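Descriptive structure summary
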Amino acid sequence: MAGSEKSSLTKPRWLLAELTYACPLQCPYCSNPLDYARLGDELSTEEWKRVLSEARALGAVQLGLSGGEPLTRRDLAEIVTHARQLGYYTNLITSGYGLDEVRIAELKSAGLDHIQVSIQSPEKLLNDELAGTESFEHKLKVARWVKQHGYPMVLCVVIHRQNIHQMQQILEMADELGADYLELANTQYYGWALLNRDHLLPTREQFAEAEAIAQSYKEKVKGRMKIYYVVPDYYEDRPKACMNGWGTTFLTIAPDGMALPCHAARELPGLNCPSVRDFSIREIWYESAAFNRFRSYGWMKEPCRSCPEKEKDFGGCRCQAYLMTGDMADADPVCSKSPHHHRVLEAIASTQRSASDKPLFFRNARNSRALTG
Ligand code: FES
């Protein structure tokens, strides 16, 4: 790419470092790829440090440390120390499982800025069932420790059909724990969540009722707890501006070093995402075919090409387009202008009709191998 073309591109601001696919939990809505158990070796500490340095030099300022469960990496504090020295704002995205006060203090002295703890449900039985691991009481303890150690208390609850009826209890739990932020993240259907969609997609009525409860609670806790309600895009008629536009803001590095324009891009056929083991972050961001594939608007087909909203939503999500139509350059079917919008309506209709007779697949290595041959 010529120098003038490069200078017209934005730089990555957000680096998501998926440190590992290992996870003691087995959430059936996980967005990790189905075949994660077959993927190659994890990056070493030194490789991660190089990735962080190169991305920071290019302009990244926010660093998310996720997985899998990032706490399974014994070098986490060393990676955080390096990130802080480089000037990142560092976020740990964790289930809390495996976190204790010693480790929280260790991460604090390494310079970690922010811990986001996820809870599956405000009810022990459902939490432990969804996590596939007895973890509820420990998660509550972790949430309290996080606050006591001076971090902003950020709680995340992924919302779906199994827990959406508990919205009021979820809000009360967050309030009781003293959460500064509560993220109510409606499930997005990629990876394991897509596989289990019939069990997870709430009905339109459930969604509307839960949203009303969350909105009125927002008023009640104004100035005390901020509530972010991530709307499920299946119930929208315009798509989300996924990744704020492909290759504009977000850079994800998978545990095996694959560089992805979004966390689900590994599933897109023929995209040939580059590896940090073969290329520098600068080369990946500017030169790779994968990061250039859906930049700007030239790749668009109708109806996106002539749509007056294309600069707002960028045609929606490439991964969702591929997963629902088989063509990653199609309009996101969530959009009511998409000729494939009926597929979203069919998914909603099937969830309204009856409970699924398909099994619920928990995300674990055994299922990963069995499902991906
Ligand atoms: Fe890949 Fe939306 S998740 S583009």
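Since this is a predicted model, take the numbers as computed values, not measurements. (Residues numbered from 1 in each chain as written. Predicted model: local features only at pLDDT ≥ 70, side-chain atom pairs only at ≥ 80, totals over all residues. Heavy atoms only, no water.)

Digging into the sheet that holds strand E4 (residues 114–118)
Using the following cut-off: Should DSSP find at least two bridges between two strands, the strands are regarded as paired. Note on conventions: DSSP H or I runs of at least 4 residues are helices, E runs of at least 2 residues are strands, and numbering of each starts at the N terminus. Any two residues having at least one pair of non-hydrogen atoms within 4.5 Å are treated as being in contact. Here the axes come from fitting lines to C-alpha atoms, over the contacting stretch only for helices, and the angles between their N-to-C directions go from 0 to 180 degrees.
Strands sit in the order E7-E6-E5-E4-E3-E2-E1-E8-E9 across an open sheet of nine strands; the sheet is mixed. The open sheet terminates on both sides in strands that have one partner only, identified here as strand E7 (226–230) and strand E9 (259–260). Running over the sheet, helix H6 (residues 136–148) touches E4 and strand E5 (153–159) and is turned about 160° from E4.

Some details on the environment of valine 344
Quick note on the threshold: Accessibility here uses a 1.4 Å probe with only protein chains present; expressed as a share of the type maximum, an area under 20% marks a residue as buried, one over 50% as exposed, and anything in between as partly exposed.
As for its position among the elements, valine 344 is in helix H15 (residues 341–353). The class of valine 344 is buried, set by a relative accessible area of 0%. For the pair formed by valine 344 and lysine 310, sequence separation is 34 residues and the distance between their alpha carbons is 20 Å. Ignoring anything within four residues of it in the chain, the contact list for valine 344 reads Tyr234, Met324, Pro333 and Val334.

Describing unusual backbone geometry
For the peptide bond that leads from glycine 67 to glycine 68, omega is 20°, which places it in the cis range. Examined against the element boundaries, glycine 68 turns out to sit in the loop between strand E2 (62–66) and helix H3 (76–86). A cis geometry characterises the amide bond from glutamate 302 onward to proline 303, with omega recorded as 5°. Relative to the assigned elements, proline 303 resides in the loop between helix H12 (289–292) and helix H13 (310–313). If you check the backbone angles, methionine 243 has positive phi at about 60° while not being a glycine. Among the structural elements, methionine 243 can be located in the loop between E7 and strand E8 (250–253). Judged by its relative accessible area of 19%, methionine 243 falls in the buried class. A positive phi is found at phenylalanine 314, a non-glycine position, where the angle reads about 55°. With respect to the helices and strands, phenylalanine 314 occurs in the loop between H13 and helix H14 (318–325).

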